[in-house]
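Remarks on the overall topology
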Amino acid sequence: MARTPPIPAGQPLDATRKAAEQVLTLAGAEVVAVQAGVSVTLAALLWPLIPAAHAVAGLASALSPRRPLPEQEASAEAQVVVVVPGSGGAGRVVTVPGGRRGTVRAAGVITLGVEEEFVLLDPSTGATVLAGPELVRMLGGEPGVQQELMRFQVETGTRVCTSLDDLGRELIRLRRLAAAAAARLGCRLVASGVAPYRTPGLAAVTGQPRYRELARRYAPVVAEAGTCACHVHVGVPSRDLGVQVLARVRPWLAPLLAVTANSPIAGGRDTGWASWRYVIQSRWPTATPPEVWPDAAAYDTAVSRLIGEGAALDERNVYFLARLSPRYPTVEVRIADVCLDAGTAVLAAGLTRALVATALAEARRGTPVPAAPARQVTAALAAAARHGLAGAGIDPVTGQPVDATTLRSRLLDHVRPALSDHGDTATVTGLLRRLDDQGTGADRQRALFTSAASTPAFITALAHATLSCYQPAAPVAARQVLE
């Protein structure tokens, strides 16, 4: 297996680009293992960027107890404890219609929440601004805005939501709140998977002890960090079922990445990738697809082994592309770039919840876990990162190369019953049509970068897109996204 060459901290973009190209070149000799029907040329292009050295943040809210209380405690309206980021583990009680006390219902509405990471940019030069800690202090008391690894980042986390309309409103609220605070500090809040211009490296690490320790242990990787993701948390009834979900969601991570790719520009130029964030994030030794574990005990053993081997600092630093949340009773799907606008984030969340709901139904029926070899999964991820929805991908079921339209259709067909169960069909299909009309975040970023008359114009356009409104549906009207 090809190994990613070490990347010097002093030349972030050029060195990372060179390392990615070297991995793609080295993969040519191993390409036959991807799939017999895939040509050598295509497979060499799509070979995973994950190094062989892979040893295998606050969510807005989640339902707290992992173990449900007896069936007789179910009621038409049950109170559950919601853990809010920044609450130190304290919870608040909310009422969920038709809920069972202390758990997330597997049937009916499944709860979800979203974490989004953003960069703070100088409006004139596009340079990163190390104002994250100050912005969070300015919003003291707002649990939905938190510091991140780098001082030029902030993270938002929604409250627990049961509908995509509620989620859309919450995403817009938090984006506007953080953007207004950023403006008062003289910078712009931008939703991009990577900062579009050069970053300061290790000098930008947030001064929290845990982040400092990460920088000490993994300096070359942290120097390239500061990427921004959209993490979708979906409630699951138990950790054992959560592990079943991970195994069944695993083949569908690549289509999710293709839909959400939003990081084509880095170092002031087009990288040639729809998701350059994926290339950077893949340098973490644990940033791999989940394995197929039999139960939560096996999952925990794998996590403990990685920590013991030094591949991760702690459980939170185990960056599986989908994992059991270290803090909440949720499955956390971490594959998506932060979305350029809130509408695409709603789309990502709706598709993710539908994938989890489908996986739960399959697990309960005893449907076999799909056969998806690791090389096939990582090859599909590399294809999605390279092309987004603008080029060839790999079918998650057959492993054969397919066009983007077919890939998207496969995903939609797979989750259609779950979308219908949650009343999300109109929202998701409408947002997918919008994606067809306007392109992915990567497509739109490239267009803005090419057409902008200057750097300030480009940054202004990105900041404006970040605050584009998601308009929830009227009771009988079709959902739509307003630009």
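Residues numbered from 1 in each chain as written. Predicted model: local features only at pLDDT ≥ 70, side-chain atom pairs only at ≥ 80, totals over all residues. Heavy atoms only, no water.

Of regular secondary structure, the chain possesses 16 helices and 15 strands. Accessible surface computed for the chain: about 17,600 Å², of which carbon and sulfur atoms make up 54%. (Helix = DSSP H or I, 4+ residues; strand = E, 2+ residues; numbered from the N terminus. Areas by Shrake-Rupley, 256 points an atom, 1.4 Å probe, with all protein chains shown as cover.)

As a further point, take the packing of helix H7 (residues 239-249) against helix H10 (residues 296-308). Where H7 contacts H10, the axes come no closer than 8 Å and their chain directions differ by 75°. With respect to H10, the axis of H7 lies roughly perpendicular. In contact with Arg239, Asp240, Val243 and Leu246 of H7, H10 contributes Ala296, Tyr299 and Asp300. The residue makeup of the contact of H7 with H10, split by class, is four nonpolar, no polar and three charged. (Axes fitted to C-alpha atoms, helices over the stretch in contact; angles between N-to-C directions. Parallel < 35°, antiparallel > 145°, perpendicular 65-115°, else oblique. Contact = heavy atoms within 4.5 Å. Nonpolar A, V, L, I, M, F, W, Y, C, P; charged D, E, K, R; others polar.)

Take the environment of Pro417 next. Residue position: Pro417 is located in helix H13 (residues 404-421). On the accessibility criterion, Pro417 (52% relative accessible area) is exposed. It is 9.3 Å that separates the C-alpha atoms of Pro417 and Ala357, two residues lying 60 residues apart in sequence. (Buried < 20%, exposed > 50% of the residue type's maximum accessible area, 1.4 Å probe, protein only.)

Our focus in this paragraph is the packing of aromatic side chains. According to the stated counting rule, one finds seven aromatic pairs in the structure shown. Here the aromatic rings of Tyr218 and Trp284 are separated by 5.8 Å at their centres, their planes lie at 65°, and the arrangement is edge-to-face. Pair noted here: Tyr218 is in the loop between helix H5 (209-217) and helix H6 (219-223) and Trp284 is in the loop between helix H9 (276-281) and H10, with a separation of 66 residues, a long-range link. A single burial state applies to Tyr218 and to Trp284, both of which are buried. With a centroid separation of 5.2 Å and 70° between ring planes, the pair formed by Phe449 and Phe458 is classed as edge-to-face. (Phe/Tyr/Trp six-rings, centres within 6.5 Å; stacked < 30°, edge-to-face > 60°.)

For H7, a buried count of eight out of eleven residues is recorded, marking the element as mostly surrounded by other parts of the structure. What H7 keeps buried is the set Leu241, Gly242, Val243, Val245, Leu246, Ala247, Arg248 and Val249. Buried residues belonging to H7 abut helix H8 (253-260), H10, strand E10 (322-324), strand E11 (330-337) and helix H11 (342-365).

Among the secondary structure elements, Val318 is positioned in the loop between H10 and E10. Spatially, the C-alpha atom of Val318 lies 8.9 Å from that of Trp284, the residues being 34 residues apart in sequence. Beyond its immediate chain neighbours, meaning those up to four positions away, Val318 contacts Thr286, Val303, Leu306, Ile307, Ala312 and Arg323.

Take the side chain of Thr286 next. Mapped onto the elements of the fold, Thr286 is located in the loop between H9 and H10. From its side chain, Thr286 meets the backbone oxygen of Asn317 in a polar contact 3.2 Å long. (Polar contact = N/O pair within 3.5 Å; in protein donor to acceptor, adjacent residues only side chain to side chain.)

Among the five residues that make up strand E5 (residues 153-157), five are buried, leaving the element largely enclosed by the rest of the structure. The two faces of E5 match: Gln153, Glu155 and Gly157 on one face and Val154 and Thr156 on the other face are all buried. Bridge count for strand E3 (residues 112-121) against E5 is five bridges, and the pairing is antiparallel. Residue pairing for E5: Glu117 is matched across the bridge by Glu155. Examined bridge by bridge, strand E4 (residues 145-147) and E5 share three bridges and lie antiparallel to one another. Paired with Val145 across the bridge in E5 is Thr156. Counted between consecutive antiparallel strands, the loop separating E4 from E5 contains five residues. (Pairing = 2+ DSSP bridges.)

Ile335 and Leu381 are the most contacted members of the largest nonpolar core, which has 80 residues in total. Of all the elements, H11 adds the most residues to this core, at 13 residues. If we ignore the near neighbours within four places in the chain, the residues touching Leu381 are Leu253, Ala254, Leu257, Tyr278, Pro289, Leu321 and Ile335. Formed by 46 residues, the second largest nonpolar core is a distinct cluster that contains Ala131, Leu174, Ala195 and Ala287. (Core = buried A, V, L, I, M, F, W, Y, C linked by side-chain atoms within 4.5 Å.)

This brings us to helix H16 (residues 455-466). The end-to-end C-alpha distance of H16 is 17 Å, a good match for the 16 Å that twelve residues give at a rise of 1.5 Å each. Within the span of H16, buried status applies to Phe458, Ile459, Leu462, Ala463, Ala465 and Thr466. Viewed along the axis of H16, the buried residues span an arc of 160°, placing them on a single side of the element. Here the buried face of H16 lies against E3, helix H4 (164-184), strand E6 (188-190), strand E8 (265-266) and helix H15 (441-451). (Expected span 1.5 Å × (residues − 1). Arc of directions from axis to C-beta.)

Under the defined criterion, the tally for this structure stands at 21 salt bridges. We note a salt bridge from Glu170 to Arg159, for which the minimum N-O separation is 3.9 Å. With Glu170 in helix H4 and Arg159 in the loop between E5 and H4, the pair connects residues that are eleven residues apart, well separated along the chain. Residue Glu170 is classed as buried on the basis of its relative accessible area, which comes to 8%. With a shortest N-O distance of 3.8 Å, Glu362 and Arg248 are connected by a salt bridge. A residue pair is termed long-range when its members are at least 10 positions apart, and Glu362 in helix H11 and Arg248 in helix H7 qualify at 114 residues. Sharing partners across several salt bridges, the network here consists of Glu142, Arg159, Glu170 and Arg173. (Salt bridge = Lys/Arg side-chain N within 4 Å of Asp/Glu carboxyl O.)

Note on strand geometry: in a regular strand, side chains alternate between the two faces of the sheet. With eight of its eight residues buried, E11 lies for the most part within the structure. Pairing of strand E7 (residues 229-235) with E11, which is carried by six bridges, proceeds in the antiparallel orientation. Considered in E11, the bridge of Val232 is made with Val333. Hairpin connection from E10 to E11: five residues lie between these consecutive antiparallel strands.

Moving on to the confidence of the model for the chain. Per-residue pLDDT for the chain averages 80, and the proportion of residues at 70 or more is 75%. Confidence over residues 1-107 falls short of pLDDT 50; this stretch has 244 contacts with residues more than four positions distant or in other chains. Note that pLDDT drops below 50 for residues 474-483; the model gives that stretch 20 contacts with residues more than four away or on any other chain. (pLDDT = per-residue confidence, 0-100.)

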